[in-house]
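Coordinate analysis (summary)
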Amino acid sequence: MDSRMLADSYRGARDRIGALAVDLSAEQLRLPVPATPAWSVHDVLARLAGGAADVLAQRLDGVPGDAWTARHVAERRGRPVADLLAEWANASPAAEATLPERFTGPNLAADAICHEGDLHEALGLARPDREHWQPFLDVLGHLPGRRLGDTATLVVTDERGQQWRCGTGESVTEVRADCYELLRGLFSRRSRRQIAGWDWSPAPAAHLVDGFGVFGPRDDDQPVPDR
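Let me begin by describing the structure that accompanies this report. (Residues numbered from 1 in each chain as written. Predicted model: local features only at pLDDT ≥ 70, side-chain atom pairs only at ≥ 80, totals over all residues. Heavy atoms only, no water.)

Comments concerning the pairing of strand S3 (residues 153–157)
The line we're drawing: For every residue, the accessible area (1.4 Å probe, protein chains only) is compared with the maximum for its type, and the residue is labelled buried under 20%, exposed over 50%, or partly exposed between those bounds. Strands are runs of DSSP state E lasting at least 2 residues, helices are runs of H or I lasting at least 4, and numbering of each runs from the N terminus. In this scheme, strands are said to pair when DSSP sees at least two bridges between them.
Burial analysis of S3 places five of its five residues in the buried class, the great majority of the element. Examined bridge by bridge, S3 and strand S4 (residues 163–167) share five bridges and lie antiparallel to one another. Within the sheet, the bridge partner assigned to Thr153 lies in S4 and is Gly167. Between the end of S3 and the start of S4, which pair antiparallel, lie five residues, with Gly161 showing a positive phi angle near 90 degrees. Sheet topology places S3 next to strand S5 (residues 172–176); five bridges connect them, and they run parallel. In the sheet register, Val156 faces S5, and the bridge partner there is Val175.

Right, dumping it as structure tokens:
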């Protein structure tokens, strides 16, 4: 994906999240988000608006650490959703302009796609449409290999037969899983137990499971949405 495609993906995710958010009740906005257990649905919206607003203001101290994202939430707690969406829309062009020329790993567009999935799972909704997130899986599917190097090879295959070959070692482990589950696992949105429960051959070593997600392993099982 190039920067233009990333900008389109970012803008599309913002539009879809905004359309979803405007109809949420106060109770739904207070729901905890399993993927980010310290945050509510409202907090995730605040995080997305705050990240873009900080890019616009060039307020990038601490980026992209936990303190940076926590500030986005804290500064917007209690603000109406309409205000958050307006702030995000205003800052979106500046955020789009910072997207990399080529997608090789996490960035603001991938962040929006990831949080869109987080919101769907928190609200009990079906997974987002494949066309919106497949390009991110196409790239992220190769990332586990960065940790393997020449010690092992991991072959990842989805239900349609699309395949990613990671690492260069002689020892080969294969894993087969649903494409959306692979994406969520790569975003560190599936637990060790959930990832280990995929179709592995042979059974995976701990470092393969722990190194699968780009943001590190987790132990809290996550909701799996309908297709």
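Observations regarding the packing of aromatic side chains
Note the following rule: Between the rings of Phe, Tyr and Trp (Trp by its six-membered ring), a pair exists once the centres lie within 6.5 Å; its type follows the angle of the planes, with under 30 degrees stacked, over 60 edge-to-face, and the other angles tilted.
Enumeration according to the criterion identifies four aromatic pairs in this entry. The interplanar angle of 75 degrees and the centroid separation of 6.2 Å between the aromatic rings of Tyr10 and Trp88 together place this pair among those described as edge-to-face. You can see Tyr10 sitting in helix H1 (residues 3–21) and its partner Trp88 sitting in helix H5 (residues 81–97), a full 78 residues away along the chain. With respect to burial, Tyr10 and Trp88 carry one shared label: buried.

Some remarks on the pattern of salt bridges
Basically, it comes down to this: By salt bridge we mean one thing: a side-chain nitrogen of Lys or Arg within 4 Å of a carboxyl oxygen of Asp or Glu.
Inspection of the entire model under this criterion finds 26 salt bridges. When the shortest N-O distance is used, the salt bridge between Arg184 and Asp118 registers 2.6 Å. Here Asp118 lies in helix H6 (residues 108–122) and Arg184 lies in helix H9 (residues 179–186), a separation of 66 residues in the sequence. Note on Arg184: relative accessible area 1%, which makes it buried. Its relative accessible area of 1% is what places Asp118 among the buried residues. Salt bridges sharing common partners tie together Asp54, Arg59, Arg71, Glu75, Arg76, Arg79 and Glu87.

Quick look at H6
Definition in use: Expected span of a helix: the number of residues minus one, times 1.5 Å. Any N or O atom pair separated by 3.5 Å or less is treated as a polar contact, with the protein-specific requirement of one donor-capable and one acceptor-capable atom, and with residues adjacent in sequence counted only for side-chain atom pairs.
Over its 15 residues, H6 runs 21 Å from end to end, which matches the ideal 21 Å to within 8%, given 1.5 Å per residue. For H6, the capping residue at the N-terminal end is Asn107, with a side-chain oxygen 2.9 Å from the backbone nitrogen of Ala109. Positive backbone phi, approximately 70 degrees, marks Gly124, located one or two places after H6.

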